[in-house]
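Each chain is listed here by its residues.
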Amino acid sequence: MKDKNLTYLLMRLIIGISMLGHGLVRLPKIVAFSNGMVAKFSESMIPSFLVEPFGYVLTITEFLLGVLLVLGLFTRQALIGSIITMILLVLGSTLVENWSVINSQLIHAAVFAFLLWHINYNNWSLDTMIKNKK
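Attention in this report is confined to the structure presented alongside it. Keep in mind the model is a prediction, meaning the values are calculated, not measured. Counting starts from 1 at the beginning of each chain's written sequence and moves along it residue by residue. Only residues with pLDDT of at least 70 are given local features in this predicted model, and only at 80 or more are side-chain atom pairs given and counted; all residues enter the totals for whole chains, interfaces and linings. Note that water and hydrogens are dropped before the side-chain values are worked out from all heavy atoms of the structure.

### What about the overall build of the protein?
No. 1: Looking only at helices and strands, the protein has six helices and zero strands in total.
No. 2: Helix numbering and strand numbering both begin at the N terminus, where a helix is a DSSP run of H or I of at least 4 residues and a strand a DSSP run of E of at least 2. Its helices and strands in sequence order give the protein the pattern α-α-α-α-α-α, from N to C terminus.
No. 3: Over its C-alpha atoms, taken along the principal directions, the protein stretches across nearly 50 × 25 × 20 Å.
No. 4: Relative accessible area decides the class of each residue, using a 1.4 Å probe on protein chains only: under 20% of the type maximum gives buried, over 50% gives exposed, and in between gives partly exposed. Looking at the 134 residues of the protein, the share that counts as buried comes to 34%.
No. 5: In what follows, a contact means two residues having at least one pair of non-hydrogen atoms within 4.5 Å. Relative to all contacts within the protein whose residues are 6 or more apart in sequence, the contacts with residues 24 or more apart total 74%.
No. 6: The accessible surface values rely on the Shrake-Rupley method and a 1.4 Å probe; as for residues, cover is taken only from the protein chains in view. By element, 71% of the accessible surface of the protein is carried by carbon and sulfur atoms, the whole surface being about 8200 Å².
No. 7: Once the 10 positive and 6 negative side-chain charges of the protein are each reduced to a mean point, those two points are 17 Å apart. The charge count treats Lys and Arg as positive and Asp and Glu as negative. His and the chain ends do not count. Where a charge lies is defined by one atom per residue type: Lys uses NZ, Arg uses CZ, Asp uses CG and Glu uses CD.

### Here's the deal with helix α3 (residues 48-71)
No. 1: Take the number of residues in a helix, subtract one, and multiply by 1.5 Å to get its expected span. For α3, spanning 24 residues, the distance from its first C-alpha to its last is 35 Å, which sits close to the expected 34 Å at 1.5 Å a residue.
No. 2: When α3 is considered as a whole, its buried residues turn out to be Val51, Gly55, Leu58, Thr59, Glu62, Leu65, Gly66 and Leu69.
No. 3: Positive backbone phi, approximately 70°, marks glycine 72, located one or two places after α3.

### Observations regarding the pattern of salt bridges
No. 1: We count a salt bridge whenever a side-chain nitrogen from Lys or Arg sits within 4 Å of a carboxyl oxygen from Asp or Glu. Using the criterion set out here, one finds one salt bridge in the structure.
No. 2: Note that glutamate 62 and arginine 26 form a salt bridge whose closest N and O atoms lie 2.7 Å from each other. Remark: arginine 26 occurs in helix α1 (residues 2-26) and glutamate 62 occurs in helix α3; sequence separation between them is 36 residues.
No. 3: For arginine 26, a relative accessible area of 18% gives the class buried.

### Considering helix α4 (residues 75-95)
No. 1: In this model α4 runs 30 Å from its N-terminal to its C-terminal C-alpha over 21 residues, within 8% of the 30 Å that 1.5 Å per residue would give.
No. 2: Burial in α4 covers these residues: Thr75, Ala78, Leu79, Ser82, Thr85, Met86, Leu89, Val90, Gly92 and Ser93. Buried positions in α4, seen along its axis, are confined to an arc of 160° and lie on one side of it. For α4, the exposed residues set more than 90 degrees away from the buried face come down to Arg76 and Ile87.
No. 3: Where α4 is buried, its residues touch α1, α3, α5 (99-117) and α6 (126-133).
No. 4: Looking one or two residues past α4, glutamate 97 carries a phi angle of roughly 55°, positive in sign. This arc is taken over the directions from the axis of the helix to the C-beta atoms.

### Description of the packing of α1 against α4
No. 1: Inter-axis angles, ranging from 0 to 180 degrees, are taken between N-to-C directions of lines fitted to C-alpha atoms, where helices are fitted over the stretch in contact. Where α1 meets α4, the axes come as close as 13 Å, and the angle between the chain directions of the two elements is 50°. Classified by the interaxial angle, the pair formed by α1 and α4 is oblique. Here α1 runs over α4; the crossing is left-handed. Of α4, the residues touching α1 (which contributes Tyr8, Arg12 and Met19) are Thr75, Leu79, Ser82 and Met86.
No. 2: Taken together, the residues of the contact of α1 with α4 sort by class into four nonpolar, two polar and one charged. Here is the rule for angles: anything less than 35 degrees is roughly parallel, anything more than 145 is roughly antiparallel, 65 through 115 is roughly perpendicular, and the remaining ranges are oblique. By definition, turning the near helix anticlockwise from the far helix through less than a right angle yields a left-handed crossing, and turning it clockwise yields a right-handed one. Any residue that is not Ala, Val, Leu, Ile, Met, Phe, Trp, Tyr, Cys, Pro, Asp, Glu, Lys or Arg is counted as polar, Gly included; the first ten are nonpolar and the last four charged.

Such coordinate-based values are descriptive only and should not be taken to indicate function.
Okay, structure coming up:
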């Protein structure tokens, strides 16, 4: 049982750090990132008035979901939010035919789904600490 808990912790940490890192490096350049997304989607069917705010929201969302996953806080909700984020990213990638990034997005989604499926092994987390104090 301890090996499964350890495996879960390590998988949660690595995918959480990936999300946290994606958001963290973009926070200082969030305006440029959002503008870059508008440029990439300029010939897609998505209007720029939707793409621009999505760039801001995506950056903050990736950062916050990453923090929650690293801490193991609201893990179930963070995993669901992360899967929804990947769904939106895959949709966007297909609309601009950026096939090279979809594999990474699908791998992230698969890891999130695996963790959600096996959430009962999330014993080394703030969620469990809080639950045990009640």
